Each structure stands twice: as C-alpha cells, then as structure tokens.
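# Results of the structural survey
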Amino acid sequence: MNPKFILVSDPKSPLAGTFVYGLVWQHKDLVQGYVKVHGGGWYLKDDARKTMTLYGSSGDFGAPQLAFLNRIPRELRDYTFFFTPSPSLPGNPLDLTEVEWF
C-alpha cells in the first residue's frame, strides 16, 4: 500500500475540490461515488513536524490541479502543506487561508 491522494469535486459543487488521501494500491481506490477527479499524486505526512508534502502525479488521473484544494479533512488542520513535483526537491508552501476544514 502507498500514500496517495486525489482532489475530487461533487457534481453539486463542481468548483470545490476535496482532498482525499490514504494508503492504497492505486489512486482510483480513493474514489467513492460519482465525482470528478482533478488529479492526484503521492504524499509524505510528517506527524512530528506537522507537515504534509504533496508530490508527483497520479497514473490514473494525472497531475493534481491545486486550484481544487478547497476542502481538507479537519484532522489535518494544524499541518502545513507543501507541493513539489519530486520529493528530492524542496517543496513550496501552499496557501490554505481560504480552505474549508471539514
């Protein structure tokens, strides 16, 4: 199992993307119900530093469209999110000021 994430939108709110993550074999294993997927990738969650680094691209859905990072699970509220195309490169912090924590 691998740490993967996707960004999904419900048909009722097509412009609001939800961050879905988990340990799965394939990105499509994270999809539940009828949703639009806006890409995905891999993540590195560091609980000691309270960081979540997003990187890479989904073989199933392509690169993450970070404009759809609008809703994040509440358990990640105190984490700082970063994005990098490769885990060997330093990540850029993501602005989460407009994010809804659910």
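My aim in this report is to walk through the structure given alongside it, one point at a time. These figures come from a predicted structure and were not determined experimentally.

Rules behind the numbers
- Residues numbered from 1 in each chain as written.
- Predicted model: local features only at pLDDT ≥ 70, side-chain atom pairs only at ≥ 80, totals over all residues.
- Heavy atoms only, no water.
- Helix = DSSP H or I, 4+ residues; strand = E, 2+ residues; numbered from the N terminus.
- Rg over C-alpha atoms; globule rule 2.2 N^0.38 Å.
- Buried < 20%, exposed > 50% of the residue type's maximum accessible area, 1.4 Å probe, protein only.
- Contact = heavy atoms within 4.5 Å.
- Areas by Shrake-Rupley, 256 points an atom, 1.4 Å probe, with all protein chains shown as cover.
- Lys, Arg positive; Asp, Glu negative; His and termini not counted.
- Charge placed at Lys NZ, Arg CZ, Asp CG, Glu CD.
- Patch = residues over 30% accessible without salt bridge, like charges linked within 9 Å, V, L, I, M, F, W, Y side chains within 5 Å.
- Salt bridge = Lys/Arg side-chain N within 4 Å of Asp/Glu carboxyl O.
- Pairing = 2+ DSSP bridges.
- Core = buried A, V, L, I, M, F, W, Y, C linked by side-chain atoms within 4.5 Å.

With that settled, consider the overall build of the chain. Across its full length, the chain carries zero helices and eight strands. Counted from the first residue to the last, the chain has its helices and strands arranged as β-β-β-β-β-β-β-β. For a compact globule of 102 residues, the expected C-alpha radius of gyration is about 13 Å, and the chain comes in at 13 Å, within 12% of that figure. Dimensions along the principal axes, computed over C-alpha positions, put the chain at roughly 35 × 30 × 20 Å. Here the chain holds 102 residues, and 37% of them are scored as buried. Considering only residue pairs separated by 6 or more positions, the chain has 60% of its internal contacts joining residues 24 or more positions apart. Just so you have it, the chain exposes about 6100 Å², and 53% of that area is on carbon and sulfur atoms. Between the mean site of the 10 positive side-chain charges and the mean site of the 10 negative ones, the chain shows a separation of 3 Å.

Before going further, it helps to examine a nonpolar patch on the surface. A surface patch of nonpolar side chains, amounting to about 390 Å² of accessible area, comprises Met1, Leu23 and Trp25. Examined against the element boundaries, leucine 23 turns out to sit in strand 2 (residues 17–24).

The subject of this paragraph is the pairing of strand 3 (residues 36–46). In the sheet, strand 1 (residues 2–9) pairs with strand 3 via five bridges, with the strands oriented antiparallel. Bridging from a neighbouring strand, lysine 4 pairs with tryptophan 42 of strand 3. Both strand 3 and strand 4 (residues 51–55) contribute to a ladder of five bridges, which runs antiparallel. Pairing of lysine 45 across the sheet is with methionine 52, part of strand 4.

Below, the discussion takes up the pairing of strand 6 (residues 80–84). Residues in a regular strand project their side chains so that they alternate between the two faces of the sheet. As judged from the five bridges shared by strand 4 and strand 6, these two strands associate in the parallel manner. If you follow tyrosine 55 over to strand 6, its bridge partner there is threonine 84. For strand 6 and strand 7 (residues 92–93), the ladder comprises two bridges, and the chain directions are antiparallel. Paired with phenylalanine 82 across the strands is proline 93, a residue of strand 7.

Another aspect to go through is the pattern of salt bridges. Enumeration over the complete set of coordinates arrives at three salt bridges. As a salt-bridge pair, lysine 45 and aspartate 47 come within 3.5 Å of each other at their nearest N and O atoms. The salt bridge involving aspartate 46 is made with arginine 49; its shortest N-O contact spans 3.8 Å.

This next bit is on the nonpolar core. Core analysis: the largest hydrophobic core is formed by 16 residues, its most contacted members being Phe19, Met52, Leu54, Ile72, Leu76, Phe81 and Leu96. Sequence-distant contacts of methionine 52, defined by excluding residues within four places in its chain, comprise Phe19, Tyr21, Tyr43, Leu44, Lys45, Leu76, Tyr79, Thr80, Phe81 and Phe82.

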